[in-house]
Amino acid sequence: GQQVMQIPQYQHVQEGEDFTTYCNSSTTLSNIQWYKQRPGGHPVFLIQLVKSGEVKKQKRLTFQFGEAKKNSSLHITATQTTDVGTYFCAAGGSQGNLIFGKGTKLSVKP
Amino acid sequence: SQTIHQWPATLVQPVGSPLSLECTVEGTSNPNLYWYRQAAGRGLQLLFYSVGIGQISSEVPQNLSASRPQDRQFILSSKKLLLSDSGFYLCAWDLAKNIQYFGAGTRLSVL
């Protein structure tokens, strides 16, 4: 079935360092979404990318959708302890549901 | 505005006991509804989804079942829990745009 591969699985950074997580698909995606799950919490929608090559920013977060619409990335500049959590990408499945990546768990050392 | 309620927040159940988790959505009509399970430190596993009353699609065969008795109510059930049913259960809803909104989740421990 359709899969969305996300790397890395874990990332440990020092506060102030940058962080990037990548999402890849073997098939062309109609759109891709990103979610954040804080420790002990539930996933919260961050953003949706639809257009080829699209780049969107939310403060220190930069989201990109590849030109071929098969990959996406989330980059956090100068991480803070509030960025701790697991970041998931998700793509639309063939039956209208979402296919989630396995997530990247970010820990930030103060 | 739309809200999603999920309860209970935590649950400890013995092996072999039944399970009923409830999820309700307010402020929208005819949402798509989803049940996910998340093992500790792992990704989201889609269990069931529903596009309307009485319509349930199962993604993973197991001893769980789901029902949608009303438009904005989604119930996850089991007749006999297994140890492997432990996890974090999340209910979610969306409309046509596929942006999903999750409930706070239920942490189930089967002992």
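Along each chain, residues carry numbers from 1 onward, in the same order as the chain's sequence is written. Each chain gets a letter, beginning with A, and each ligand a number, beginning with 1, in the order they are written. The predicted nature of this model means local features are confined to residues of pLDDT at least 70 and side-chain atom pairs, given and counted, to a pLDDT of 80 or more, with totals for whole chains, interfaces and linings taken over all residues. Where side-chain values are given, they derive from all heavy atoms of the structure, hydrogens and water being excluded.

## Focus on the sheet that holds strand β7 (residues 61-65) of chain A
Residue and element names in this part refer to chain A.
Moving on, step 1. For two strands to pair, DSSP has to find at least two bridges joining them. The secondary structure listing takes helices from DSSP runs of H or I that are at least 4 residues long and strands from runs of E that are at least 2 residues long, numbered from the N terminus. Read from one edge of the open sheet, five strands run β1-β3-β8-β7-β6, paired in antiparallel fashion. Each edge of the sheet is formed by a strand with only one pairing partner; in this case those strands are β1 (5-7) and β6 (55-58). Each adjacent strand pair in this sheet contributes to an overall mean axis angle of 15°, direction not counted.
Moving on, step 2. Relative to strand β8 (residues 71-76), β7 runs antiparallel, the two being bridged by five bridges. Looking across to β8, one finds that Phe63 is bridged to Leu74. Axis angles are defined between N-to-C directions and span 0 to 180 degrees, where every axis is a line fitted to C-alpha atoms and, for a helix, only to the segment in contact.

## Things to note about the sheet that holds strand β8 (residues 73-78) of chain B
All names here are of chain B.
Moving on, step 1. If you trace the four strands from one edge of the open sheet to the other, you get β1-β3-β8-β7, paired in antiparallel fashion. At either end of the open sheet lies a strand with only one pairing partner, and these are β1 (3-7) and β7 (64-70). Here the strands of the sheet are splayed against their neighbours by 15° on average, with no regard to which way each runs.

## Overview of the state of the cysteines
Moving on, step 1. The rule for a disulfide is simple: a pair of cysteine sulfur atoms within 2.5 Å. Scanning all chains against the criterion turns up two disulfides over all chains.
Moving on, step 2. The side chain of A:Cys23 participates in a disulfide bridge whose partner is A:Cys89; the two sulfur atoms lie 1.9 Å from each other. Between A:Cys23 and A:Cys89 the sulfur-sulfur dihedral comes to about 65°; the bridge is accordingly right-handed. Taken together, the residues A:Cys23 in strand β3 (residues 19-24) and A:Cys89 in strand β9 (residues 85-92) connect sequence positions 66 residues apart.
Moving on, step 3. Taking relative accessible area as the criterion, A:Cys23 reaches 1% and is therefore assigned buried.
Moving on, step 4. A sulfur-sulfur separation of 2.0 Å characterises the disulfide bridge that pairs B:Cys23 with B:Cys91. Taking the torsion about the sulfur-sulfur bond, which here is approximately -75°, the covalent link between B:Cys23 and B:Cys91 counts as left-handed. Here B:Cys91 lies in strand β9 (residues 87-94) and B:Cys23 lies in strand β3 (residues 19-26), a separation of 68 residues in the sequence. Throughout, exposure labels follow a simple rule: accessible area from a 1.4 Å probe, protein chains only, divided by the maximum for the residue type, with under 20% read as buried, over 50% as exposed, and the rest as partly exposed.

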